[in-house]
Amino acid sequence: MDEKLLSIDSAVNELIKKAKEDGVETIFDRKENMKPCPMGEKGICCRICAMGPCRITPKTPRGLCGATADVIVSRNFARMVAGGAAAHSDHGRDIAHVLHMTSKDGNYKVTDEEKLKELAKRWKIETEGRDIYDIAHEVAEFALNEFGKPFGTLEFPPSLPEQRKKVWENLNIVPRAIDREVVTIMHSTHVGCTADADSMLNISMRTAISDGWGGSYIATELSDILFGTPIPRETEANLGVLEENQVNIVLHGHEPSLSEMIVLAAEDPELIELAKEVGADGINLAGMCCTANEVTMRHGVKIAGNFAQQELAVLTGAVEAVIVDVQCIFPALASLAECYHTKFITTSPKARITGATHIEFDEEKALESAKQIVREAILNFKNRKKEKVFIPKTKSHAMVGYSTKAIINQLDKVVNSHIDKPGTVKPLADCITSGVLRGAAGIVGCNNPKVKHDYGHVEMIKELIKNDVIVVTTGCAAQAAAKAGLLSKDARKLAGKGLATVCELVDIPPVLHMGSCVDISRILELVGLVAKQLNVDISELPVVGAAPEWMSEKAVSIGTYVVSSGIDTWLGVAPPVTGGPRVLEILTSEMENMVGAKFFVEPDPIKAAHQMIEKIEQKRKVLEE
Ligand code: BF8
């Protein structure tokens, strides 16, 4: 294994070296020995019933039931969409339950009353003269109904252009209730149901749309109501944010209902005192993966790293606890933590991990629960072994927290109030139509050891901003950008002239951090508003998407709803569909006729960026006609 080739991040390479010295294994070692199954890679292995597993080969071109390669591939793809949509949407549901739990004197409160009232009005919930918590509870009930209502279709937000809705109506892919779409996939992929790739992909699009414009959108809006709509903040990113003399707690996972309470608990004077009693200078929180995005954009909590760095945080020997809830958590953390003093604390019954310390997070007694967890971490400080500690120096400055509202606030700085109304995306739309900005790109998604760590994200972003394409980013891609200094206002020196000028005038970095993966709904909202401003469909905008290092089922759902929303999307890793020629044809070609966008697969991020720029220029021509 050549460490130099594994990451563009020096902190990662230093810690991979330490792993060797310490005699412990990480994902980078496991990757060496893992040979992905060639059948699985093409999507042509069917494990849906017990007659098989059936593998499609030239000798066995059909499964025992007669399913063709395309049927098998399309079912496997649909199940990935269902898994991803379920994870995002269940997160949204949990947040809705927390909103339902809010009270004036409780741990969970309404923070953004204005947003709550706006949403209530949209959903025709009375707001006049009512207690804010009565409104909150009714909004929560309305949201919860969106998951399982028996009749009607999904309640779309006003950012969805009418033209887009028409496209979906014509294809009969307007989602009904969110859970219903996930269940429909599980049913349709059962043995003896859908055996038609075209139909299977239509069902997949409908489910994915229910994630992006439904479950994820709800997760974002309700999180903002509960914990505040993000505003631009300064932070720092990379493992260098860990502190030698403090109790280091890494918050990893997704749902802000846990992390928000840990942030509060870590500010408790008694616990800070306890930290001092055990010999530390204080308590240092650092985020990992999407939880990092949630707490950094609302509190400026520093970012320890992204998906591929979770083991490396433990390897520093300076982390008292890794506290996790759901999604994207390596089970490997349990055995790795045993080699150090780190407590690996699971908190959700949805994600229990053998070998972890399980302290169930009780939302009814949220702060008390959070304090108990933080106390565990503090008491563990005494077990830290000085000789095992190595904290890399690397960290970068970053600006985070560009919610749509925050972006509009920034744009208001350049509005000539004699001509235009403030509070709209018009200045952004004007920059795009005038060509000062050539277009916009959403760079999102994970780390995947099939790609040199962070290389895909960082190189693609650099190439795009150099060519006057403004970038918005979420998830682990956002953290790669943060670590590479691309979320800093200084990064405007890497931007083309047009983008640099806009950044200067509007006082923003060229790459805007929009949050966690469920917050891709913020990107949908922004592009939807720009499309409405220009009275066009989203598919007509010079806007593209990419997931250069994607790996999760959530990313499959995201990619599918982004393309279904009319945004061409580039993947740096091929999805497991190459064994189904019809499936491949639909995803990479025919979807364009259906929804006005399609998937592209290009492992080289620079080449992909140029394909994206070419697409942007094609769309500009049509827009300018
Ligand atoms: O939801 S980008 S590795 S952390 S799946 Fe996971 Fe991928 Fe990171 Fe957040 Ni998103």
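Residues numbered from 1 in each chain as written. Predicted model: local features only at pLDDT ≥ 70, side-chain atom pairs only at ≥ 80, totals over all residues. Heavy atoms only, no water.

Chemist: Would you explain the overall build of the chain in this entry?
Modeler: Within the chain one finds 24 helices and 16 strands. Compactness check: the chain gives a C-alpha radius of gyration of 24 Å against a globular reference of 25 Å for 625 residues, within 12% of the reference. For the chain, the residues scored as buried account for 61% of the 625 residues in total. The long-range fraction of contacts in the chain, counting pairs at least 24 apart against all pairs at least 6 apart in sequence, stands at 76%. Counting only carbon and sulfur atoms, one obtains 52% of the accessible surface of the chain, whose full area is about 23,800 Å². (Helix = DSSP H or I, 4+ residues; strand = E, 2+ residues; numbered from the N terminus. Rg over C-alpha atoms; globule rule 2.2 N^0.38 Å. Buried < 20%, exposed > 50% of the residue type's maximum accessible area, 1.4 Å probe, protein only. Contact = heavy atoms within 4.5 Å. Areas by Shrake-Rupley, 256 points an atom, 1.4 Å probe, with all protein chains shown as cover.)

Chemist: Please explain the domain arrangement of the chain as it appears in this structure.
Modeler: One frequently used descriptor of interface size is the decrease in accessible area upon assembly of the parts. The domains assigned to the chain are domain 1 (69-227), domain 2 (239-388) and domain 3 (401-624). Here the C-alpha centroids of domain 1 and domain 3 sit 23 Å apart. In this complex, domain 1 contributes 40 residues to the contact, which on the side of domain 3 involves 41 residues. Of the roughly 3,300 Å² buried at the junction of domain 1 and domain 3 (both faces included), carbon and sulfur atoms supply 66%. (Domains from an automatic or database assignment. Buried area = accessible area lost by both parts, 1.4 Å probe.)

Chemist: Can you help me understand helix α12 (residues 289-299) in this one?
Modeler: Quick reminder: α-helices carry 3.6 residues per turn. Residues three or four places apart thus point the same way. Of all eleven residues in α12, ten are buried; the element is thus mostly enclosed. Those residues of α12 not exposed but buried are Cys289, Cys290, Thr291, Ala292, Asn293, Glu294, Val295, Thr296, Met297 and Arg298. Backbone geometry just downstream of α12 places Gly300 in the positive-phi region, at approximately 75°.

Chemist: Explain the coordination of the nickel atom of the ligand here, please?
Modeler: Around a metal, the idealised angle for a tetrahedral arrangement of four donor atoms is 109.5 degrees; for an octahedral arrangement of six donor atoms it is 90 or 180 degrees. Only one protein atom coordinates the nickel atom of the ligand: Cys517 (SG), located 2.3 Å from the metal. Relative to the metal, the four donor atoms surrounding the nickel atom of the ligand lie at angles of 89 to 159°, and the coordination shape comes out irregular. By the element assignment, Cys517 lies in the loop between β13 (511-515) and α21 (520-533). (Donors = N, O, S within 2.8 Å, 3.2 Å for Na, K, Ca; no water. Tetrahedral: all angles 85-135°; square planar, octahedral: opposite > 155°, others 65-115°.)

Chemist: Is there a simple way to explain the site of the ligand in this structure?
Modeler: All residues adjacent to the ligand are His254, Cys289, Cys290, Phe307, Cys328, Gly445, Cys446, Cys476, Cys517, Met551, Ser552 and Lys554. Within the contact set of the ligand, an oxygen atom lies 2.8 Å away from a side-chain nitrogen or oxygen of His254. Between Lys554 and the ligand, the recorded distance is 2.8 Å, taken from a side-chain N or O atom to an oxygen atom. Class assignment for the residues of the shell around the ligand results in eight nonpolar, three polar and one charged. Among the domains, domain 2 (239-388) and domain 3 (401-624) are the pair contributing at least three residues each to the shell around the ligand. (Near = heavy atom within 4 Å. Polar contact = N/O pair within 3.5 Å; in protein donor to acceptor, adjacent residues only side chain to side chain. Nonpolar A, V, L, I, M, F, W, Y, C, P; charged D, E, K, R; others polar.)

Chemist: Even after reading the chapter, I still don't get the sheet that holds strand β11 (residues 439-443), so can you show me in this structure?
Modeler: Pairing between sheet strands relies on hydrogen bonds along the backbone, with the strands arranged either parallel or antiparallel. What the six strands build is an open sheet, ordered β13-β12-β11-β14-β15-β16; its pairing is parallel. Edge positions in the open sheet fall to β13 and β16 (599-601), since each of these has one partner strand only. The sheet shows a mean angle of 25° between the axes of neighbouring strands, direction not considered. Bridge count between strand β14 (residues 543-547) and strand β15 (residues 568-571): four bridges; the pairing is parallel. Residue pairing for β15: Gly545 is matched across the bridge by Thr569. Those strands touched by helix α24 (residues 605-624) are β11, β12 (469-474), β14, β15 and β16, and its axis lies near 175° from that of β15. (Pairing = 2+ DSSP bridges. Axes fitted to C-alpha atoms, helices over the stretch in contact; angles between N-to-C directions.)

Chemist: Help me out: how do you make sense of the layout of surface pockets in this one?
Modeler: Empty space among the atoms becomes apparent when a probe as large as a water molecule is rolled across them. Computed from the structure, the largest pocket encloses a volume of approximately 990 Å³. Residue lining of the largest pocket: 31 residues in total, with Pro36, Met80, Lys450, Met551 and Pro576 positioned closest to the centre. Contributing elements (two or more residues each) for the lining of the largest pocket: α2 (27-33), α3 (38-42), β1 (45-46) and α4 (69-101). Of all the elements, α4 adds the most residues to the lining of the largest pocket, at four residues. Here the lining of the largest pocket spans two domains, since at least three of its residues come from each of domain 1 (69-227) and domain 3 (401-624). What the second largest pocket holds in volume is close to 560 Å³. For the lining of the second largest pocket, the secondary structure elements donating two or more residues are α5 (113-122), α9 (197-227), α16 (404-411) and α21. At five residues, α5 tops the list of elements feeding residues into the lining of the second largest pocket. (1 Å grid on protein atoms, 1.4 Å probe; cavity = no way out; pocket = protein on both sides within 12 Å on 5 of 7 lines; lining within 4 Å. Points joined across faces, edges and corners; volume = space filled by probe spheres on them.)

Chemist: What is the right way to read the packing of helix α6 (residues 132-148) against α9 from this model?
Modeler: Relative orientation and spacing of two packed helices are given, respectively, by the angle between their axes and the distance between those axes. Running from N to C, α6 and α9 point in directions that differ by 165°, and their axes come no closer than 10 Å. What the angle tells us is that α6 and α9 run roughly antiparallel. Helix-helix and strand crossings are classified by hand; for α6 and α9 the assignment is left-handed. Residue-level inspection shows Val139, Ala143, Glu146 and Phe147 of α6 in contact with α9, the latter providing Gly215, Ile218 and Leu222. Residue composition of the contact of α6 with α9, grouped by class: five nonpolar, one polar and one charged. (Parallel < 35°, antiparallel > 145°, perpendicular 65-115°, else oblique. Left-handed = near helix turned anticlockwise from the far one by under 90°.)

Chemist: In this structure, what is going on with empty space enclosed by the protein? I would like to understand it.
Modeler: For the coordinates displayed, the defined rule picks out eight cavities of 30 Å³ or more. Along the wall of the largest cavity there are 37 residues; nearest its centre are Ala441, Gly442, Val472, Ile523 and Val527. At six residues, the largest contribution of residues to the lining of the largest cavity is made by α21. Counted by class, the lining of the largest cavity contains 32 nonpolar, five polar and no charged residues.

Chemist: Can you help me understand the packing of aromatic side chains in this one?
Modeler: For any pair of aromatic rings, the description consists of the separation of the ring centres together with the inter-plane angle of the planes. Summed over all chains, the structure comprises seven aromatic pairs. Measuring from centroid to centroid gives 5.9 Å for Trp213 and Tyr217, while their planes differ by 15°, and the two rings are stacked. Taken as a pair, Trp213 and Tyr217 lie in helix α9 at a separation of four residues, close to a single helical turn. What links up through ring pairs into an aromatic cluster is the set Phe156, Trp168, Trp213 and Tyr217. A cation sits over an aromatic face here: Lys388 above Tyr340, 4.8 Å from the ring centre. Lying over the aromatic face of Tyr455, Lys452 brings its terminal NZ or CZ to 5.5 Å of the ring centre. (Phe/Tyr/Trp six-rings, centres within 6.5 Å; stacked < 30°, edge-to-face > 60°. Lys NZ or Arg CZ within 6 Å of the ring centre and 35° of its normal.)

Chemist: Help me out: how do you make sense of the environment of Glu181 in this one?
Modeler: Among the secondary structure elements, Glu181 is positioned in helix α8 (residues 178-188). Between the C-alpha atom of Glu181 and that of Gly23, which follows or precedes it by 158 residues, the distance is 46 Å. Beyond its immediate stretch of four places on either side in the chain, Glu181 contacts Val174, Pro175, Arg176, Arg206, Thr207 and Ser210. Of the polar contacts made by the side chain of Glu181, one reaches the backbone nitrogen of Arg176; its length is 2.6 Å.

Chemist: Can you walk me through the pairing of strand β6 (residues 302-305) in this structure?
Modeler: Each regular strand shows side chains that alternate between the opposite faces of the sheet. Two elements, strand β5 (residues 283-288) and β6, share three bridges in a ladder whose sense is parallel. Bridge assignment links Ala286 to a residue of β6, and that residue is Lys302. Crossover connection from β5 via α12 to parallel β6: handedness right-handed. (Right-handed = clockwise from strand over helix to strand, strands pointing away.)

Chemist: How do you make sense of the nonpolar core when you look at a structure like this?
Modeler: Val139, Leu222, Ile443 and Leu464 are the most contacted members of the largest nonpolar core, which totals 175 residues. If sequence neighbours within four positions are ignored, Ile443 has contacts with His457, Met460, Ile461, Leu464, Val471, Val472, Thr473, Thr474, Ala477, Ala546, Pro548 and Met612. (Core = buried A, V, L, I, M, F, W, Y, C linked by side-chain atoms within 4.5 Å.)

Chemist: Sorry if this is basic, but what is going on with helix α19 (residues 475-483) here?
Modeler: The buried count for α19 comes to nine of nine residues, which makes it a mostly enclosed element. Those residues of α19 that sit buried are Gly475, Cys476, Ala477, Ala478, Gln479, Ala480, Ala481, Ala482 and Lys483. Just downstream of α19 lies Gly485, where phi reads positive at about 80°.

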